[in-house]
Amino acid sequence: MTRGNGEPAPDTTRWSDPTGPVVAVVVLTAEPPPAHRSVEATRIGGRPLLDRTVRVLHAAGVRRVLVAAGRRSPDLVAGLVARHAPPAEPCPPPAALPPGRYLLVGAGAIFDAETVRDLAERTGVRCTDTTLAVADAGTAREVLAADAPDAALDAVAGLALRPAAGFATTLAGDRDVRRVHRALWHRYGSKPSDGLVCRYLNRPLSRPVTLLLARTGVWPDLLSGLSFAVAVAGAAVIGFGGHWWTMLLGGVLVQAGNALDGVDGEVARIGLRTSRRGALLDTILDRYADLAIIAGLVLAAGGRPVDWAFGFAAAAGSLLVSYLNVLVPDAPRRLLRRDVRLLLCAVAAAVSAPLAGLAALAVLVNADAARVFGMVLRRAPGTR
Ligand SMILES: Nc1ccn([C@@H]2O[C@H](COP(=O)(O)OP(=O)(O)OP(=O)(O)O)[C@@H](O)[C@H]2O)c(=O)n1
Ligand SMILES: O=P([O-])([O-])O[C@@H]1[C@@H](O)[C@H](O)[C@@H](O)[C@H](O)[C@@H]1O
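Rules and cut-offs
Residues numbered from 1 in each chain as written. Chains lettered and ligands numbered in written order. Predicted model: local features only at pLDDT ≥ 70, side-chain atom pairs only at ≥ 80, totals over all residues. Heavy atoms only, no water. UniProt positions renumbered as here; feature names shortened; annotations may be inferred. Helix = DSSP H or I, 4+ residues; strand = E, 2+ residues; numbered from the N terminus. Patch = residues over 30% accessible without salt bridge, like charges linked within 9 Å, V, L, I, M, F, W, Y side chains within 5 Å. Areas by Shrake-Rupley, 256 points an atom, 1.4 Å probe, with all protein chains shown as cover. Salt bridge = Lys/Arg side-chain N within 4 Å of Asp/Glu carboxyl O. Buried < 20%, exposed > 50% of the residue type's maximum accessible area, 1.4 Å probe, protein only. Core = buried A, V, L, I, M, F, W, Y, C linked by side-chain atoms within 4.5 Å. Domains from an automatic or database assignment. Contact = heavy atoms within 4.5 Å. Buried area = accessible area lost by both parts, 1.4 Å probe. Axes fitted to C-alpha atoms, helices over the stretch in contact; angles between N-to-C directions. Parallel < 35°, antiparallel > 145°, perpendicular 65-115°, else oblique. Nonpolar A, V, L, I, M, F, W, Y, C, P; charged D, E, K, R; others polar. 1 Å grid on protein atoms, 1.4 Å probe; cavity = no way out; pocket = protein on both sides within 12 Å on 5 of 7 lines; lining within 4 Å. Points joined across faces, edges and corners; volume = space filled by probe spheres on them. Expected span 1.5 Å × (residues − 1). Arc of directions from axis to C-beta. Left-handed = near helix turned anticlockwise from the far one by under 90°.

Peer 1: I would appreciate a short explanation of the UniProt feature "transmembrane region" (unreviewed entry) in the protein in the present structure.
Peer 2: According to UniProt, the feature "transmembrane region" (unreviewed entry) maps to residues 217-238, 308-328 and 340-365 in the numbering used here. This span, residues 217-238, is 86% helix and 0% strand, and a straight line between its end C-alpha atoms measures 33 Å.

Peer 1: Before we go on, may I ask you to explain a nonpolar patch on the surface in this structure?
Peer 2: Residues Trp244, Trp245, Leu248 and Val252 make up a contiguous nonpolar surface patch of roughly 470 Å² in combined accessible area. Considering the arrangement of structural elements, one finds Leu248 in helix 9 (residues 244-260). Among the residues examined, Leu248 registers a relative accessible area of 37% and is labelled partly exposed.

Peer 1: How should I be thinking about the pattern of salt bridges in this particular structure?
Peer 2: Opposite charge on two side chains permits them to pair, given that their charged atoms come into close proximity. Under the counting rule described, the total for this entry stands at 15 salt bridges. The closest approach of N and O atoms between Asp51 and Arg47, which form a salt bridge, is 3.0 Å. Pair check on accessibility: Asp51 and Arg47 agree, each one buried. Among the ionic pairs, Asp194 bridges to Arg203, the shortest N-O distance being 2.9 Å. Each member of the pair, Asp194 together with Arg203, is buried. One salt-bridge network, held together by shared partners, links Asp261, Asp286, Arg287, Asp290, Arg338 and Arg341.

Peer 1: Looking at this structure, I do not really get the nonpolar core. What am I missing?
Peer 2: Buried together is how nonpolar side chains tend to be arranged in soluble globular proteins. Core analysis: the largest hydrophobic core is formed by 47 residues, its most contacted members being Leu57, Val67, Leu103, Ile110 and Leu184. The biggest single contributor to this core is helix 1 (residues 49-59), with 6 residues. Both domains that furnish three or more residues to this core are identified here as domain 1 (16-185) and domain 2 (192-378). Grouped together as the second largest cluster of nonpolar side chains are 28 residues, Leu297, Leu342, Val365 and Val372 included.

Peer 1: I would appreciate a short explanation of the domain arrangement of the protein in the present structure.
Peer 2: When the parts come together, some accessible area is lost, and that loss is often what is quoted as the size of the interface. For the protein, the assigned domains read domain 1 (16-185) and domain 2 (192-378). Tallying the contact residues gives 12 residues for domain 1 and 13 residues for domain 2. Summed over both partners, the interface of domain 1 with domain 2 buries about 1200 Å², with 62% contributed by carbon and sulfur atoms. Our count for the contact surface shared by domain 1 and domain 2 stands at 0 salt bridges. Those elements giving two or more residues to the side of domain 1 that touches domain 2 turn out to be helix 1 and helix 6 (177-188). The element that contributes the greatest number of residues to the side of domain 1 that touches domain 2 is helix 6, accounting for 6 residues.

Peer 1: Would you mind showing me how to read the packing of helix 7 (residues 196-214) against helix 9 here?
Peer 2: Interhelical geometry of helix 7 versus helix 9 gives an angle of 75° and a closest axis separation of 8 Å. As judged from the angle between their axes, helix 7 and helix 9 are roughly perpendicular. Contact with helix 7, carried on its side by Leu201, Asn202, Leu205, Ser206 and Val209, involves Gln255, Asn258, Ala259 and Leu260 of helix 9 and no other residues of that element. When its residues are assigned to classes, the contact of helix 7 with helix 9 shows 5 nonpolar, 4 polar and no charged.

Peer 1: Please clarify how the layout of surface pockets should be interpreted in this entry.
Peer 2: One way to see where empty space is left: roll a probe the size of a water molecule over the atoms. Here the largest pocket defines a volume of roughly 1400 Å³. What lines the largest pocket is a set of 44 residues, and nearest its centre among them are Lys191, Ala279, Asp282, Thr283 and Arg337. For the lining of the largest pocket, the secondary structure elements donating two or more residues are helix 7, helix 8 (220-241), helix 9, helix 10 (263-270), helix 11 (276-301), helix 12 (305-327) and helix 13 (338-350). Tallying contributions element by element places helix 11 first for the lining of the largest pocket, with 9 residues. Its residues assigned to classes, the lining of the largest pocket comprises 10 nonpolar, 15 polar and 19 charged.

Peer 1: Would you mind showing me how to read helix 6 here?
Peer 2: For an α-helix, the turn length of 3.6 residues means that residues three or four places apart are oriented alike. Here helix 6 is 12 residues long and its end C-alpha atoms lie 16 Å apart, about the 16 Å a rise of 1.5 Å per residue gives. Along helix 6, the positions that sit buried rather than exposed are Val177, Val180, His181, Leu184, Trp185, Arg187 and Tyr188. Considered in projection along helix 6, the buried side chains sweep an arc of 165° and stay on one side of the axis. Set apart from the buried face of helix 6 by more than 90 degrees, the exposed residues are Arg178 and His186.

Peer 1: Quick question: what am I supposed to make of the environment of Trp308 here?
Peer 2: Locating Trp308 in the fold gives a position in helix 12. Judged by relative accessible area, Trp308 falls into the partly exposed class, the value being 43%. Along the primary structure Trp308 and Ala183 are separated by 125 residues, whereas in three dimensions their C-alpha atoms are 47 Å apart. The contact partners of Trp308, leaving out residues within four places of it in the chain, are Val298, Leu299 and Gly303.

Peer 1: I keep staring at empty space enclosed by the protein and nothing clicks. Help me out?
Peer 2: Summed over the entire model, instances satisfying the criterion amount to 1 cavity of 30 Å³ or more. Empty space within the largest cavity amounts to approximately 40 Å³. In terms of lining, the largest cavity is formed by Asp290, Ile293, Ile294, Ser318, Arg341, Leu342, Cys345 and Leu361. Going through the elements one at a time, helix 11 and helix 13 are the ones with two or more residues in the lining of the largest cavity. Each residue belonging to the lining of the largest cavity can be placed in one class, and the counts come to 5 nonpolar, 1 polar and 2 charged.

Peer 1: Sorry, what's going on with the packing of helix 11 against helix 13 here?
Peer 2: What describes two packed helices is the angle between their axes and the distance between those same axes. Packing of helix 11 against helix 13 brings their axes to within 11 Å, and their N-to-C directions diverge by 25°. On the basis of the axis angle, helix 11 is roughly parallel to helix 13. By crossing handedness, the relation of helix 11 to helix 13 is classed as left-handed. Where helix 11 approaches helix 13, its residues Asp286, Arg287, Ala289, Asp290, Ile293 and Leu297 are matched on the opposing element by Arg338, Arg341, Leu342, Cys345 and Ala349. Taken together, the residues that form the contact of helix 11 with helix 13 break down as 6 nonpolar, no polar and 5 charged.

The structure is reproduced here in structure tokens:
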């Protein structure tokens, strides 16, 4: 998994140490108190926690994942492991664990692959934050044979994680799910590439929606469609409304679509559901919505040739800026990303100044495209 964006990294690094490959053992908690859900029945990002744990361990390069349930029913483990796409197996009886190094993982541990890799680099180091511990077979046997293996694991975990070591926390019970989702949002909600409008306006607006939806396991592609629908509804209200208040409403809808544009990615990253197909769908729908909003402003301005001329320039420049963002991802100060462009359109609609908005957008996006093109031309030959 890559820091910051939550996407699984290609499974190229296999985690091993000089004594051989490390086997991870997920240690299920003791029987939960009556009226409480067991940790393994909890869903994080809409995905069963155990399923998430197994996926992250595999993404980190751990070859074998065993699930141990202490004195609880072996059928429970058999049922839990049977469902896993990245495979997990029931743990053999503690006495039968062969020599080697074991990564002991508390069932309530929520972490990313980077945390596991960091632990791997520092083999022998334990961490309390996530009840993850690297142990030899003797310690692993003792933990698994204990009456309450989760408490025994807590006792062997000793040192705290370094802050740079990836995401790690522990679900302290079934009432703790909200805190964990908030922590996951802080880790994976925003992206390093976020612009100012995205960071300080859109993400704070999308955060509560994401926290509400992430737990449901809703399909991120559906959320891409929702943000598209809201933006296009805004475009239609702007284009066909004909009153100052419809312009205001249209502006609000466009900005709502702008903020909702982040929800699909946030939900996908929190639930480990990012996909290339989703990223492509998001981009394609955004381009159609951008064009619809510009067409709405052209109609609102009166649809004269001058309105269409500025609309055409704004549309071409907007598409060009998005395209150049992909072609020249290292261009500094990407000021006119979609978050800024849509805010400009939303404000122009809200104050009933569609032509001024189109003209400003046309000048700004084309100037920005020219800036990036000029930057590439000035680069040394061979580095373009
Ligand atoms: N249906 C979707 C929508 C998004 N994503 C993921 O989320 C990312 C977009 O995240 P988001 O927070 O929406 O960022 P944006 O503001 O849309 O901008 P950008 O992709 O340029 O960072 C995509 O690249 C993709 O990895 C996804 O998997 N499935
Ligand atoms: O900001 P920009 O580069 O023009 O356009 C962006 C796309 O390239 C990106 O794929 C998508 O996820 C963003 O929501 C935004 O639409």
